[in-house]
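Coordinate analysis (summary)
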Amino acid sequence: MTSLTLASSALFPRAAELRARRLRRATAARAATERGAAVASVDQSLNPRVASLRESKTMALTDLARSMKESGLPVIGLAAGEPDFDTPAAIVEAGCAAIRGGKTRYSPNTGTAALREAVCAKLLDENGLTYEPGEIVLSNGAKQSVAQGVIATCGPGDEVIVPAPFWVSYPEMCRLAGAEPVVARTSAEDGFLLSAETLRSHLSPKSRLLILCTPSNPSGAVYSEEDLRAIAEVVREHPRLLVLADEIYEHIIYPPARHVSFAGLPGMRERTLTVNGFSKAFAMTGWRLGYLAAPAHFAKAAASIQSQTTSGPSTISQEAGLAALELGPGGGEPVREMRAAFLKRRDYVVSRFKAMRANAGDIKLEAPRGAFYVFPDVSAIVGEGCVAEGFGVVEDGDALCRYLLEKAQVALVPGSAFGNPECVRLSYAASDDTLAEALDRIEAALKEDVYRVKKEA
Ligand SMILES: Cc1ncc(COP(=O)(O)O)c(C=O)c1O
């Protein structure tokens, strides 16, 4: 370094810092070019099952909304499936006590004995299901439980019946297992419920698994006992067919609807893998804790996948999970309060959608009976002849979501992500004020003077 540079560094430390950073950037850029040349000569092919996976539109939209927000835009994200409440205090306290008390070591692979016992007691008391602790596999979120259930039971040559609308991950998990997802569509007219006849028409000798989600993400539909009994009748006719019952929204259900566990129906326990978890009802999404309850043979298979991939879930989260189950039947008062808030929001959101473009009767939506989503059918306001000012033709639900993100700066998820492109999903797990603002903006963006709908008769 010359004495002149030394002197200028002393006088202008910020300039010296910038020069050094420029130099580091130039070096890094040279290294990246060299790396690029090296990468080009590497075989970048992937496991075909992985290469066939599609990106989750829910996550992509949530990320996009977040980055728009970070860049200063007043975006309202109603795309994520996450309660906006804090985890109840007693659960947080149990997590903190676990850390302080040194409960920070590896958990047994399928979870702690105490929590598996508590899950068995919960399943017996609340769901009428009898399981032994050896039939419970606690995992890092219900997502892992579903994935392990699918991978443990299905492989190449198998078909998995996935009723649409479906949770985005089901078909991709089937592909990961090498199995074929067979989508069985339902619609707003049939309450987004799979009927016994529709199920029967999608079965083949290759059918191995049916995935049922009640209450449903994304539609909020809840199967009645009668609906499930009719499905069980069909399942009974197919000795090879199993059922994965995803019951993670069990406690977010609005009377008179009542949750019924599929495994509790006559003859279904041995055929069913029940998945549940803590994320939604207890506002514990970040704690990553879910479970699978299944006959020992299937539970063991799921456990062996877990033992060779992630091992057991966080010991700390399991202590918190224990406290969650101790809150009382159905999650006690904290869950009752959250459910009451969700119900109020559901009614508000449904009434706002019903009032929107009411003259044309354009948006179809009935109040869902569970979960915290609405899934309006918007087919009447998209397609040829539907034109938004400053945007152009809104050809489908995907375009409608793009338009609403641009114009109203509200993030929703297009129904195509869930297998029903005629719908969009809005999560009302957001504060009352946020929902009011979001619906004001959506309404303004869809007003007849800026959003024209002209359809062939
Ligand atoms: C239907 C359904 N099943 C499972 C999960 C996964 O839950 P977890 O966060 O416990 O992995 C979700 C989360 O969005 C869901 O909506």
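Residues numbered from 1 in each chain as written. Predicted model: local features only at pLDDT ≥ 70, side-chain atom pairs only at ≥ 80, totals over all residues.

**Observations concerning the overall build of the chain**
Helix and strand counts for the chain come out as 15 helices and 15 strands. Across its three principal axes, the chain shows a C-alpha extent of roughly 90 × 65 × 50 Å. (Helix = DSSP H or I, 4+ residues; strand = E, 2+ residues; numbered from the N terminus.)

**Details of helix α14 (residues 397–408)**
Spanning twelve residues, α14 covers 15 Å between terminal C-alpha atoms, matching the ideal 16 Å at 1.5 Å per step. Of all the residues in α14, the buried ones are Gly397, Leu400, Cys401, Tyr403, Leu404, Leu405 and Ala408. Downstream of α14 by one or two residues, Gln409 has phi in the positive range, about 55 degrees. (Expected span 1.5 Å × (residues − 1). Buried ≥ 20, exposed ≤ 12 C-beta atoms within 10 Å, placed from the backbone.)

**So, unusual backbone geometry**
Thr214 connects to Pro215 through a cis peptide bond whose omega is -15 degrees. As for its position among the elements, Pro215 is in the loop between β5 (207–213) and α10 (225–236). The residue after Pro255, namely Pro256, is reached through a cis peptide bond having omega 10 degrees. Tracing the backbone shows Pro256 in the loop between β6 (242–246) and β7 (272–277). Even without a glycine there, the phi angle at Ser311 is positive, about 65 degrees. Positive phi is not limited to glycine here, since Gln409 has a value of about 55 degrees. When you line up the elements, Gln409 lands in the loop between α14 and β12 (410–411).

**Topic: the sheet that holds strand β15 (residues 451–453)**
Each strand in a sheet pairs with another by means of backbone hydrogen bonds, the pair being arranged parallel or else antiparallel. Across the sheet, which stays open at both edges, the three strands sit in the order β11-β10-β15 with antiparallel pairing between neighbours. At either end of the open sheet lies a strand with only one pairing partner, and these are β11 (392–393) and β15. Across two bridges, the pairing between strand β10 (residues 386–388) and β11 is antiparallel. Bridged to Val387 within β11 is Val393. (Pairing = 2+ DSSP bridges.)

**Some details on the pairing of strand β14 (residues 424–427)**
What you see with β14 is no split at all: Val424 and Leu426 on one side and Arg425 and Ser427 on the other are buried throughout. Bridge count between strand β13 (residues 413–414) and β14: two bridges; the pairing is antiparallel. Among the inter-strand pairings, Val413 is bridged to a residue of β14, identified as Arg425.

**Focus on the sheet that holds β6**
An order of β2-β8-β7-β6-β5-β3-β4 is seen for the seven strands of this open sheet, with the pairing classed as mixed. The open sheet has two free edges, formed respectively by β2 (136–139) and β4 (180–185), since each of these has just one partner strand. On average, each strand axis in the sheet is inclined to that of its neighbour by 20 degrees, with strand direction left out of account. Two elements, β6 and β7, share four bridges in a ladder whose sense is parallel. Its bridge partner being in β7, Ala245 is matched across the sheet by Thr274. Packing against the sheet, helix α8 (residues 169–177) makes contact with β3 (159–164), β4 and β5, and its axis sits at approximately 155 degrees to β4. (Axes fitted to C-alpha atoms, helices over the stretch in contact; angles between N-to-C directions. Contact = placed C-beta atoms within 7 Å.)

**Description of the domain arrangement of the chain**
Interface size, as often reported, equals the accessible area lost upon joining of the parts. Per the domain assignment, the segments making up the chain are domain 1 (51–85 + 334–450) and domain 2 (89–329). Here the C-alpha centre of domain 2 lies 27 Å away from the C-alpha centre of domain 1. The set of elements that each furnish at least two residues to the side of domain 1 that touches domain 2 consists of α4 (57–70), α13 (332–355) and β9 (373–374). For the side of domain 1 that touches domain 2, the per-class residue count stands at 17 nonpolar, eight polar and eight charged. (Domains from an automatic or database assignment. Nonpolar A, V, L, I, M, F, W, Y, C, P; charged D, E, K, R; others polar.)

**Considerations on α4**
Across its 14 residues, α4 extends 20 Å between first and last C-alpha, which sits within 8% of the 20 Å expected from 1.5 Å per residue. All buried positions along α4 are accounted for by Thr58, Leu61, Thr62 and Ala65. For α4, the buried positions fall inside an angular range of 100 degrees around the axis, keeping them on one side. Those residues of α4 that are exposed and angled more than 90 degrees off the buried face are Ser67 and Glu70. Positive backbone phi, approximately 105 degrees, marks Gly72, located one or two places after α4. (Arc of directions from axis to C-beta.)

**Structural notes on the site of the ligand**
Around the ligand, 14 residues are found, and the nearest of them are Gly141, Ala142, Lys143, Asn217 and Ser279. Per-class residue counts for the shell around the ligand are five nonpolar, seven polar and two charged. (Near = placed C-beta within 6 Å.)

**Considerations on the packing of helix α7 (residues 142–153) against helix α11 (residues 296–309)**
Viewed as axis vectors pointing N to C, α7 and α11 meet at an angle of 110 degrees, and their least axial separation amounts to 9 Å. With respect to α11, the element α7 is oriented roughly perpendicular. As α7 packs across α11, the resulting crossing turns out to be right-handed. Of the residues in α11, those in contact with Gln148, Gly149, Ile151, Ala152 and Thr153 of α7 are Phe298, Ala301, Ala302, Ile305 and Gln306. Of the residues assigned to the contact of α7 with α11, the class counts are six nonpolar, four polar and no charged. (Parallel < 35°, antiparallel > 145°, perpendicular 65-115°, else oblique. Left-handed = near helix turned anticlockwise from the far one by under 90°.)

**A closer look at the nonpolar core**
Residues Val150, Leu404, Val410, Ala411 and Leu412 are the most contacted members of the largest nonpolar core, which totals 128 residues. Here this core takes six residues from α14, the largest share from any one element. Both domain 1 (51–85 + 334–450) and domain 2 (89–329) contribute no fewer than three residues apiece to this core. Beyond its immediate chain neighbours, meaning those up to four positions away, Val150 contacts Val160, Met173, Cys174, Ala177, Leu209 and Leu244. (Core = buried A, V, L, I, M, F, W, Y, C linked by C-beta atoms within 7 Å.)

**Section: the pairing of β3**
Taking burial as the measure, the six residues of β3 include six buried ones, the bulk of the element. Where burial is concerned, the two faces of β3 agree: the one with Glu159, Ile161 and Pro163 and the one with Val160, Val162 and Ala164 are both buried. Note: β3 against β4, six bridges, orientation parallel. Among the inter-strand pairings, Glu159 is bridged to a residue of β4, identified as Glu180. What joins β3 to β4 is α8, and the crossover it makes is right-handed. Pairing analysis gives three bridges linking β3 to β5, with the strands arranged parallel. Along β5, the bridge assignment pairs Glu159 with Ser207. (Right-handed = clockwise from strand over helix to strand, strands pointing away.)

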